[in-house]
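The primary structure of each chain is shown beneath.
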Amino acid sequence: ASGLVLPSLWEGMPNVVLEAMAAGLPVVATQVEGVDELVLPQKTGLIVAPHSAESLADGIETLLEDPQRAAIMGQAAQDRARTAFSWEKTVAEYDALYSRLLARPRSGLIVK
């Protein structure tokens, strides 16, 4: 495989992008919600304009015409997936969030 192409018009948090990155694949994806949290433009892949077949084609062509660049992006994507989105990091971030929430002063709200 040369990379992942995700021409979505809407996403939440596209797990397929994270899975491709973890597999060492560069990503060409449209600039929709969630993608910019995962893909670092020009480093781990390419983010292109939504609703633009020309932009999408250009992004795909860029990776296909320069396999060395695609491989470098794929390695960077894999490194990012391992460090920024590992289970350990995710658990630590949830732990920190819950700790902050529990430490906040309580309002007069009673929850049963």
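As shown above, the structure is provided for reference.
Attention in this report is confined to the structure presented alongside it. (Residues numbered from 1 in each chain as written. Predicted model: local features only at pLDDT ≥ 70, side-chain atom pairs only at ≥ 80, totals over all residues. Heavy atoms only, no water.)

1. Section: the overall build of the protein
Of regular secondary structure, the protein possesses five helices and three strands. Element order for the protein, N to C, with α for helix and β for strand: β-α-β-α-β-α-α-α. For 112 residues, the compact-globule estimate of 2.2 N^0.38 gives 13 Å, and the protein exceeds it by more than 25% at 18 Å. Taking the principal axes of its C-alpha atoms as reference, the protein extends roughly 60 × 30 × 20 Å. Sorting the 112 residues of the protein into buried and exposed places 30% on the buried side. Within the protein, residue pairs in contact and separated by at least 24 positions form 42% of the contacts whose partners lie at least 6 positions apart. A total of about 7600 Å² of accessible surface is found on the protein, and carbon and sulfur atoms cover 57% of it. Charge-centre separation for the protein: the mean point of 9 positive side chains lies 17 Å from the mean point of 14 negative side chains. (Helix = DSSP H or I, 4+ residues; strand = E, 2+ residues; numbered from the N terminus. Rg over C-alpha atoms; globule rule 2.2 N^0.38 Å. Buried < 20%, exposed > 50% of the residue type's maximum accessible area, 1.4 Å probe, protein only. Contact = heavy atoms within 4.5 Å. Areas by Shrake-Rupley, 256 points an atom, 1.4 Å probe, with all protein chains shown as cover. Lys, Arg positive; Asp, Glu negative; His and termini not counted. Charge placed at Lys NZ, Arg CZ, Asp CG, Glu CD.)

2. Some points on the pattern of salt bridges
Close approach of charged atoms lets side chains of opposite charge pair. One pass over the full model with this rule turns up one salt bridge. Among the ionic pairs, glutamate 93 bridges to lysine 89, the shortest N-O distance being 3.5 Å. Here glutamate 93 and its partner lysine 89 are both found in helix 5 (residues 87-103), four residues apart, which amounts to about one turn of the helix. When its relative accessible area of 46% is taken as the criterion, glutamate 93 is described as partly exposed. (Salt bridge = Lys/Arg side-chain N within 4 Å of Asp/Glu carboxyl O.)

3. Some words on the pairing of strand 2 (residues 27-30)
Residues in a regular strand point their side chains to alternate faces of the sheet. Neither face of strand 2 is open: one carries Val27 and Ala29, the other Val28 and Thr30, and all of them are buried. Across three bridges, the pairing between strand 1 (residues 4-6) and strand 2 is parallel. Pairing of valine 5 across the sheet is with valine 28, part of strand 2. For the crossover that starts at strand 1, traverses helix 1 (residues 15-22) and ends in the parallel strand 2, the hand is right-handed. (Pairing = 2+ DSSP bridges. Right-handed = clockwise from strand over helix to strand, strands pointing away.)

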